[in-house]
Amino acid sequence: MSTSLRNNAAVAVALAAAVLLLTAIALALYWAPNDADQGFSQRIFYIHVPVALTAYACFGWGAWKALRLLWTREARYDLESYTAVHMGVIFGVLTLVTGSIWARISWGVWWSWSERQLVLFLILFLFYSAYFMLRYSTDPGPRRARMSAVYALFGVVLIPISFLAIRLAENFIHPVVFTRDGPQMAGSMFFVFCMSLAGTLALAAALYLNELAGKRLDERLRELREALA
Amino acid sequence: MSDARATVIRARGLERRFGEKRAVAGLDLDVAAGDFLVVTGPNGAGKSTLLALLAGLLAPTRGALEVAVERHEVGYLAHEPLLYRELTAFENLDFFGRLYRVPERRERIGMLLERFGLWDARRERVGAFSRGMAQRLALCRTLLHEPRLLVLDEPYAGLDSDGASLLDGELETLVSSDTWSVPPGHGRGENGRLSTVVLATHDSGRVSRFTTAELALG
Amino acid sequence: MAAVTHYAADVAALARKDLLIELRSRDTVPAMLLFVVSALVVFRFSLPADASNLAATGLLWIAVIFTALLGLTRAFVPEREQRLMDALVLSPCDRSAIWLGKALSVVAFLVLAEAIALPAFALFFAPVSWETAAAFALADLGIAAVGTLLAAMAAVTRARELLLPLLFLPLAVPIVVGGVGASVEPDPARYLAFLGLYDLLFAILAWASFEYVVTE
C-alpha cells in the first residue's frame, strides 16, 4: 500500500497551500489596488469569493465520489464523498461568515437577503447539515453509504436550482436595495484573486487529504481489532 | 439418467457484517437443483441472515455468493408475514400476483387459498387474522408464483397442527417423492418441526439430496 | 415494448395498492385535510389586519408544504412497520416502479388536500387564480417526486419521521419560490416554467436513484 506516496502528496499539497495563501493574503492586503467604490473593505472579496468557489468545488467533488460509489459499489468512495462534503460545509460556513462581515462593513447589517451568494449558502448549509443528520441517524454500512451518496447528488442539483430560485424570488421579496457591483477586476486584482483561489483550493485539498488519511487509519485500526477478536 | 445437477447456489467465504458484528462468517455452501437444505444452529447463529442473503435481500459484506435464479423465481418466507394488514387475503395475493405476473392469477389464488384452508376468509382484512392464519397466507404468498428456489425462515412458526399438516403436505407435493422423509433428528426444532428450509426445485420434481448446514454462534 | 407495459402494470398495481390501503384505513388524507384548514385558520390570526395578498398567498403555500410533509411522513409506514419493503424489493418489479407508484398516490393525496385548501383560502382570504392552481399542480409533482424518495430514506433511519422535514425543507425552497411567484407575479409563466424544470430534474434524479436507497 502506497501510504508513503500518499503522505508525500499530502505534505506537498499542504505546503503549496501555505505558500499560496500567505502570498495571497500579503498581496491582498498590501499590493492590490484600492477598489474605487468600496475602498479598503472590498479586500475581503479576495477571501470571500474564493472560499465560496472552493465550497462549490468540494460539494461537486463529493457528488462525483458519490456517483463513483453508486457506480462501482466500492466502499472507499463513501469516505471520500463524506469528507468532501464535510470540507464543503466548513468552507460554506466560512463563506457565510466572511459574507456577513463584508455586509457589516459595507452596509452596517450582519445579514442581507439581497446577497444571492449568502442566501444560497444558507440554503446549502441547511441541506448539508441534514446530510450529516442523515448519516448520524443511520447505522454504518452499505445502506448508509448509498443513501448519503444519493443525497449528495441531490445537493449538487440543488445548487443551480436554488440559485435560479433566488434570482426569481428577488422580484417579490422586495429586498432593501443594497447593490454591489461585482468588482471590475483590473489585471492586478485578477491576479490576486487567482492566487487566493488557488490557495483556498489547495487548503481544501490539504484538509481533505489529511482528514481522509485520519479516517482511513481509524478504519484500518477497526479492521485489525475485529480480525484479532 | 444423468446425475449432473445444475448448481443453484454457491457460496464461498460468505460473510455478512452489521457494523462491528459478524452475523455470518466465512461460510461455504453449495445448493444444487433438487436439494432440500435445512440450516440449523442455535438462536443468534445467523440463520435468518443467511436466508436473507440466499434470497437476495442482503448483499454479502465479504466473500462470494452466486445464485443462479432470477428474482421472480425466488419464494421467500420471513419472520414477519409480509402482508398488508389493511387489505384482504385475496387482495394481498392479487397484489403480489400482479407483481410476479402470475398467469391465471385468480384461479391460482383461489386454489392456494382453498389448499391452505383460507377460502372462507378471503375477504377478511389480514389485520384481523390470527397468527396461524397470517402464516398460512404468507405461505400462499411465497408459493404463489411457483418459485424455483424456496427460502423459508421458520415456516412452522405460529401454525397450529392443522396448518402444520398443510405445510407438510405442501412440501411433500413440491418434492413429489414417495420416499421423501426427513431423517429423524435432523434439523428438527424442539417441537419436531423444521426450522429453516431452502428448497431448490428440480425439473423432475424429485428431491435428490437432503442436507443440513450447521451454523454456530459467534 | 413489452418491458414498458410490464413497467406500467407494476406501477399501476403499486399505486392501486396504496390508494386501496388509504381508502380502507383513512389514516392520511383526513388528517391532511383537517391540518391544512387548521393551518390556514391559525395563519389568519398571525397576520396583521392590513396584510397584503402576497403575505396570505405565501402562507397558503407554507400550509400546503407542511400538509404535504404530514402526508409524506405516512407514505412508507405500512412498508416499514410490516417489513413489507423486503417483499417489494424482492419482487421482480423495477425498484423505480415502487417509487413511481408511491409518488403517484402522494400526488393524489395532495390534490385532494388542495381541493379543500384552495376553496378554503378563497373563502378566508382572497380568490384563487388559475395560475395558482396550475402552480399547485406542478408543485405537487415536485413535492411527490422528491418527498417520496426522502420518505423512503427517513424510514430506514433511527430518527425516522423526525428526519423527513429536515431533509425535505431545503429542497422545498425552490418549490415555494416558484409557487408563490406564479401566484402573485404579473408574469407567472416564468415561475411555472421554473417549477417544470424543478420537477423534471428532480424526478429524473429520484427515479434513477431510488434503487440505491432501498437495496442493500
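Keep in mind that this is a model prediction, so the values were computed, not measured.

1. Description of the overall build of chain A
Phase 1: A tally of regular secondary structure across chain A gives six helices and zero strands.
Phase 2: Starting at the N terminus, the α and β elements of chain A follow one another as α-α-α-α-α-α.
Phase 3: A sequence separation of at least 24 residues applies to 77% of the contacts in chain A between residues at least 6 apart.

2. A look at the overall build of chain C
Phase 1: The number of helices and strands found in chain C is nine helices and zero strands.
Phase 2: Put simply, chain C runs from its N terminus to its C terminus through helices and strands in the order α-α-α-α-α-α-α-α-α.
Phase 3: Radius of gyration (C-alpha) of chain C: 18 Å, near the 17 Å computed for a compact globule of 216 residues.
Phase 4: Its C-alpha atoms put chain C at 55 × 35 × 30 Å along the principal axes.
Phase 5: A burial count over chain C gives 51% of its 216 residues as buried.

3. Considerations on the pairing of strand β7 (residues 196–200) of chain B
Residue and element names in this part refer to chain B.
Phase 1: Judged by how many residues are buried, β7 sits mostly within the fold: five of five residues are covered.
Phase 2: Because side chains alternate across β7, one face comprises the buried residues T196, V198 and A200, and the other comprises V197 and L199, equally buried.
Phase 3: Where strand β3 (residues 35–40) lies against β7, two bridges are found, and the strand directions are antiparallel. Across the sheet, residue F36 finds its bridge partner in β7, namely L199.
Phase 4: Bridge count for strand β6 (residues 149–153) against β7 is five bridges, and the pairing is antiparallel. Looking at β7, one finds that V151 is bridged to V198.

4. Considerations on the sheet that holds strand β1 (residues 7–18) of chain B
Residue and element names in this part refer to chain B.
Phase 1: Spatially, the three strands line up as an open sheet ordered β2-β1-β4, and their pairing is antiparallel. The sheet is open, and its two edges are formed by β2 (21–32) and β4 (62–67), each paired on a single side. Within the sheet, the average angular offset between the axes of one strand and its neighbour, ignoring direction, is 15°.
Phase 2: Of the strand pairs in this sheet, β1 and β2 are connected by eight bridges, and their pairing is antiparallel.

5. With respect to the environment of L104 of chain C
Phase 1: As for its position among the elements, L104 of chain C is in helix α6 (residues 95–124).
Phase 2: For L104 of chain C, a count of 19 C-beta atoms within 10 Å puts it in the partly exposed group.

6. Looking at the interface of chain B and chain A
Phase 1: The interface of chain B with chain A comprises four residues on the first partner and five residues on the second.
Phase 2: Within the side of chain B that touches chain A, the residues separate by chemical class into two nonpolar, one polar and one charged.

7. Side note on the packing of helix α3 (residues 53–73) of chain C against helix α7 (residues 130–156) of chain C
Residues and elements named next belong to chain C.
Phase 1: Across the interface, α3 lies against α7 with an axial gap of 10 Å and an inter-helix angle of 40°. Here α3 runs over α7; the crossing is right-handed. Contact residues: V64, A68, L72 and T73 in α3; F136, I143, G147 and A151 in α7.
Phase 2: For the contact of α3 with α7, the class distribution of residues is six nonpolar, two polar and no charged.

8. Details of the packing of α6 of chain C against α7 of chain C
All names here are of chain C.
Phase 1: Following both chains from N to C, one finds α6 and α7 inclined at 140°, their axes separated by 8 Å at the closest point. By the angle between their directions, the pair α6 and α7 is classed as oblique. Crossing handedness for the pair α6 and α7: right-handed. Of the residues in α7, those touching α6 at W99, K102, A103, V106, V107, L110, V111, E114 and L118 are A133, F136, D140, L141, I143, A144, A145, G147, T148 and L149.
Phase 2: When its residues are assigned to classes, the contact of α6 with α7 shows 14 nonpolar, two polar and three charged.

9. Quick word on the interface of chain C and chain A
Phase 1: Contact with chain C, which involves 30 residues of that partner, is made by 26 residues of chain A.
Phase 2: At the level of secondary structure, the elements contributing two or more residues to the side of chain C that touches chain A comprise α7, α8 (163–184) and α9 (188–214) of chain C.
Phase 3: At 12 residues, the largest contribution of residues to the side of chain C that touches chain A is made by α8 of chain C.
Phase 4: Class assignment for the residues of the side of chain C that touches chain A results in 22 nonpolar, four polar and four charged.

10. A look at helix α4 (residues 131–143) of chain B
Phase 1: Taking 1.5 Å as the rise per residue, α4 of chain B with 13 residues should run 18 Å; its terminal C-alpha atoms sit 18 Å apart, in good agreement.
Phase 2: When we look at burial in α4 of chain B, the residues that qualify are M133, A134, Q135, R136, L137, A138, L139, C140, R141, T142 and L143 of chain B.

11. Quick notes on the nonpolar core
Phase 1: Residues L137, C140 and V151 of chain B together with M153 of chain C are the most contacted members of the largest nonpolar core, which totals 209 residues.
Phase 2: The biggest single contributor to this core is α7 of chain C, with 17 residues.

12. Things to note about unusual backbone geometry
Phase 1: Located in the positive-phi region is E146 of chain B, a residue other than glycine, with phi close to 50°.
Phase 2: Tracing the sequence through the fold places E146 of chain B in the loop between α4 and β6.
Phase 3: Residue R160 of chain C is not a glycine yet carries a positive backbone phi of 50°.
Phase 4: For R160 of chain C, the location among the structural elements is in the loop between α7 and α8.

13. Considering the environment of Y56 of chain A
Phase 1: Tracing the chain through its elements places Y56 of chain A in helix α2 (residues 45–72).
Phase 2: Counting along the chain gives 65 residues from Y56 of chain A to F121 of chain A, while the straight-line C-alpha distance between them is 9.7 Å.

14. Topic: the confidence of the model for chain C
Phase 1: Averaged over all residues, the pLDDT of chain C is 93; the fraction at 70 or higher stands at 100%.
Phase 2: Across chain C, element-level confidence peaks in α9 of chain C with a mean pLDDT of 97 and bottoms out in helix α4 (residues 77–81) of chain C with 84.

Calculation notes
- Residues numbered from 1 in each chain as written.
- Chains lettered and ligands numbered in written order.
- Predicted model: local features only at pLDDT ≥ 70, side-chain atom pairs only at ≥ 80, totals over all residues.
- Helix = DSSP H or I, 4+ residues; strand = E, 2+ residues; numbered from the N terminus.
- Contact = placed C-beta atoms within 7 Å.
- Rg over C-alpha atoms; globule rule 2.2 N^0.38 Å.
- Buried ≥ 20, exposed ≤ 12 C-beta atoms within 10 Å, placed from the backbone.
- Pairing = 2+ DSSP bridges.
- Axes fitted to C-alpha atoms, helices over the stretch in contact; angles between N-to-C directions.
- Nonpolar A, V, L, I, M, F, W, Y, C, P; charged D, E, K, R; others polar.
- Left-handed = near helix turned anticlockwise from the far one by under 90°.
- Parallel < 35°, antiparallel > 145°, perpendicular 65-115°, else oblique.
- Expected span 1.5 Å × (residues − 1).
- Core = buried A, V, L, I, M, F, W, Y, C linked by C-beta atoms within 7 Å.
- pLDDT = per-residue confidence, 0-100.

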